[in-house]
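Chain by chain, the residues run as shown.
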Amino acid sequence: MLTTKQKVYLRSLAQGIKPVVQIGKEGLSDNLMETVLNYLKKHELIKISILQNSYVTKEEAIEFFNQEEIEFVQSIGRQIILYKQSDDAIDPIKFPKK
């Protein structure tokens, strides 16, 4: 579980990234989960965009990804930011000390 300070830090990091994955009319699928998990394994932080033609709500998407212990960081409009710690990350996120 992320602390409030950790979420604030992750939000600041996420400002500079663009959505990598889009959820469209196909909705939530195993293929989508696999794509997100593979990306998080290398980068730890991802921004996902939910398209207008998708029937998926932000809440449904957050619940779907939470099944794999992916942490919800923030939602902005139709975008969600997710985090999952990884030992295989290219550039692991180091949280600032208290």
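Scroll up a little and you will see the structure.
What you see is a predicted model; the values in this text were computed from it and never measured.

Cut-off values and rules
- Residues numbered from 1 in each chain as written.
- Predicted model: local features only at pLDDT ≥ 70, side-chain atom pairs only at ≥ 80, totals over all residues.
- Heavy atoms only, no water.
- Helix = DSSP H or I, 4+ residues; strand = E, 2+ residues; numbered from the N terminus.
- Rg over C-alpha atoms; globule rule 2.2 N^0.38 Å.
- Buried < 20%, exposed > 50% of the residue type's maximum accessible area, 1.4 Å probe, protein only.
- Pairing = 2+ DSSP bridges.
- Right-handed = clockwise from strand over helix to strand, strands pointing away.
- Axes fitted to C-alpha atoms, helices over the stretch in contact; angles between N-to-C directions.
- Contact = heavy atoms within 4.5 Å.
- Phe/Tyr/Trp six-rings, centres within 6.5 Å; stacked < 30°, edge-to-face > 60°.
- Expected span 1.5 Å × (residues − 1).
- Arc of directions from axis to C-beta.

Peer 1: Help me get a handle on the overall build of the protein chain, residues and values and all.
Peer 2: The number of helices and strands found in the protein chain is three helices and four strands. Counting from the amino terminus, the protein chain carries its helices and strands in the arrangement α-β-α-β-α-β-β. Here the C-alpha radius of gyration of the protein chain, 13 Å, is about what a compact globule of 98 residues would show, namely 13 Å. By its C-alpha atoms, the protein chain is 40 × 25 × 25 Å across when sized along the principal axes.

Peer 1: I'd like to hear about the pairing of strand 2 (residues 45-50), residue by residue, with values.
Peer 2: Here strand 2 lies mainly inside the structure; six of its six residues are buried. Burial along strand 2 is two-sided: the face carrying Leu45, Lys47 and Ser49 and the face carrying Ile46, Ile48 and Ile50 are both buried. Bridge count for strand 1 (residues 21-23) against strand 2 is three bridges, and the pairing is parallel. Within the sheet, the bridge partner assigned to isoleucine 23 lies in strand 2 and is isoleucine 50. Since strand 1 and strand 2 lie parallel, the crossover through helix 2 (residues 30-43) that links them has a hand, and here it is right-handed. As defined by bridge partners, strand 2 adjoins strand 4 (residues 79-83) across five bridges and the pair is classed as antiparallel. Counted as the bridge partner of leucine 45 is tyrosine 83 from strand 4.

Peer 1: So what's going on with the sheet that holds strand 4? Which residues, and what values?
Peer 2: With mixed pairing, the four strands of this open sheet are ordered in space as 1-2-4-3. Edge positions in the sheet fall to strand 1 and strand 3 (71-76), since each of these pairs with one other strand and no more. On average, adjacent strands in this sheet sit at an angle of 25° to one another, irrespective of strand direction. Of the strand pairs in this sheet, strand 3 and strand 4 are connected by five bridges, and their pairing is antiparallel. Each bridged residue has a counterpart across the sheet, and for isoleucine 76 the counterpart in strand 4 is glutamine 79. The strands touched by helix 2 are strand 1, strand 2 and strand 4; relative to strand 2, the strand with the most contacts, the crossing angle is about 150°.

Peer 1: Would you mind going over the packing of aromatic side chains in detail, with residue names and values included?
Peer 2: One pass over the structure, following the stated rule, counts three aromatic pairs. Seen in terms of ring centroids, phenylalanine 64 and phenylalanine 65 are 5.2 Å apart; in terms of plane orientation they differ by 70°. Their pairing is edge-to-face. Using a relative accessible area of 13% as the deciding quantity, one classes phenylalanine 64 as buried. These aromatic residues form a ring-pair network of at least three members: Tyr9, Tyr83 and Phe95.

Peer 1: I'd like a description of helix 2, backed by residues and values.
Peer 2: The terminal C-alpha atoms of helix 2, which comprises 14 residues, lie 20 Å apart, in line with the 20 Å expected from a rise of 1.5 Å per residue. Listing the buried residues of helix 2 in full gives Leu32, Met33, Val36 and Leu40. Taken end-on, helix 2 shows its buried residues confined to a sector of 95°, consistent with a single buried face. Among the exposed residues of helix 2, those oriented more than 90 degrees off its buried face are Asp30 and Asn31.

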